[in-house]
Amino acid sequence: MRWMVLALGTMLTFAACGSSDTTSSSPSPGGGRVQPASIKVSLPGLRVAFSQSDVAVAQAQGYFRQEALTVSTEGLSSGVQTVQSVLSGDSDIGGSSIEPVLSGAARGGLQIIGSYADRLPVVMEAQSGIARPADLKGKALGIQPNGVGAFREIMTRMTYQSAGYSESDITYVGVPDTGYVSALLTGKIDTAILQVEQSVDAEARDRSLHVLVDLYGELPRYFYGTYFVRSDWLRTHRAVAVRFLTAIIRAHRFIYSNRAGAIADIARATGFGASEISRAYDRLIVKDGVFPVNQGLQADRIQFTVGKMRQLGLLPAGPPNLSAVVNRGPINAAVQSLGVMKGDPRWH
């Protein structure tokens, strides 16, 4: 009940804020004034996924405006490209699954400061003749073009390796970022790693398609999505990072507390219908709780993921120094300003 009162008060506060940008200073959570700032965020995927929709929700609910932030976004075809965008200085903040970030951080210069969905929100979707991973031998498996080492390929590799197969036993087929469902429907590929809302959509179009593997069920300790920055940018923009993360946490909390509002915002952002997003909401939010509402950067889960990456040969130079790569200072400051949420096993 205390949380519900807090959530209702938060929603009412932000409802009064609107969603337009501001050019004057705004009050900070601590009661002072902050100078407006503009930042660019690169996201993995040419189409926004449910699991990456928190930026869109923060925008729609006016949370960035409350933090005096003007946020522009650019969708790129993979997390590898968002890492490249941040390293080059084209983006201030990047979003990506953790693998390319840790690979980039091993060379220095990147720090993880937060996360979007940090639990795996994906499944392996398969054609009707594939009933178990052992049936993948000789099949055409969809991944990103030139995508070895990218997220979908890594999830695919872990699945066929669980059946004792190697890359020589299967065929990779490069598929454009927005083309996985159509490639399944036309029989171009036999499997694809899909976001949950994509899986719902695909099965509505062809009832013979089915979930072969629920990756979160198979790897509940695997860490998924990160927000990351260059360490030199963070040194000069720490307050901006804290304000960005404050808005993101508010968006996550809104998603849990306001089902109808969240579904409407996410449907607009992703382009899927409210029905598909509602079914995805039941799985990702009600059941799995994929978004963190507090710090979320759990050390044991990140360590587990590093171990998996080493098994797959994704860190040839060795693992990065996680105490240097994972900078919890900004997210801790944001959570401190908002207060810690307790009382539900999904909240982390």
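For the structure itself, consult the block above.
Read on for an overview of the structure. Only a predicted model underlies this, so the values are computations on that prediction, with no experimental measurement involved. (Residues numbered from 1 in each chain as written. Predicted model: local features only at pLDDT ≥ 70, side-chain atom pairs only at ≥ 80, totals over all residues. Heavy atoms only, no water.)

1. So, the packing of aromatic side chains
Scanning the entire structure with this criterion turns up 8 aromatic pairs. Each ring, one from Y63 and one from F254, has its centre 6.5 Å from the other, and the planes form 80°; the classification is edge-to-face. Remark: F254 occurs in helix 10 (residues 231–257) and Y63 occurs in helix 3 (residues 63–66); sequence separation between them is 191 residues. In this structure, Y63 and F254 share a single accessibility class: buried. (Phe/Tyr/Trp six-rings, centres within 6.5 Å; stacked < 30°, edge-to-face > 60°. Helix = DSSP H or I, 4+ residues; strand = E, 2+ residues; numbered from the N terminus. Buried < 20%, exposed > 50% of the residue type's maximum accessible area, 1.4 Å probe, protein only.)

2. Considering the sheet that holds strand 9 (residues 171–174)
Two modes of strand pairing occur in sheets, parallel and antiparallel, and in both the strands are linked by backbone hydrogen bonds. If you walk across this open sheet you meet the 5 strands as 9-8-10-7-11, and the pairing is mixed. Of all the strands in the sheet, just strand 9 and strand 11 (210–214) have a single pairing partner and so form its edges. Between one strand axis and the next, the sheet turns by 40° as a mean value, whatever way the strands run. In this structure, strand 7 (residues 122–126) lies alongside strand 10 (residues 191–195), joined through 5 bridges in antiparallel fashion. Residue pairing for strand 10: E125 is matched across the bridge by A192. Set on the sheet, helix 8 (residues 196–205) makes contact with strand 7, strand 10 and strand 11; between it and strand 10 the angle comes to about 120°. (Pairing = 2+ DSSP bridges. Axes fitted to C-alpha atoms, helices over the stretch in contact; angles between N-to-C directions. Contact = heavy atoms within 4.5 Å.)

3. Things to note about the pairing of strand 7
Along strand 7, 5 of the 5 residues are buried, which leaves the element largely enclosed by surrounding structure. Pairing geometry for strand 7 and strand 11, over 4 bridges, is antiparallel. The residue of strand 11 that forms the bridge with V123 is D214.

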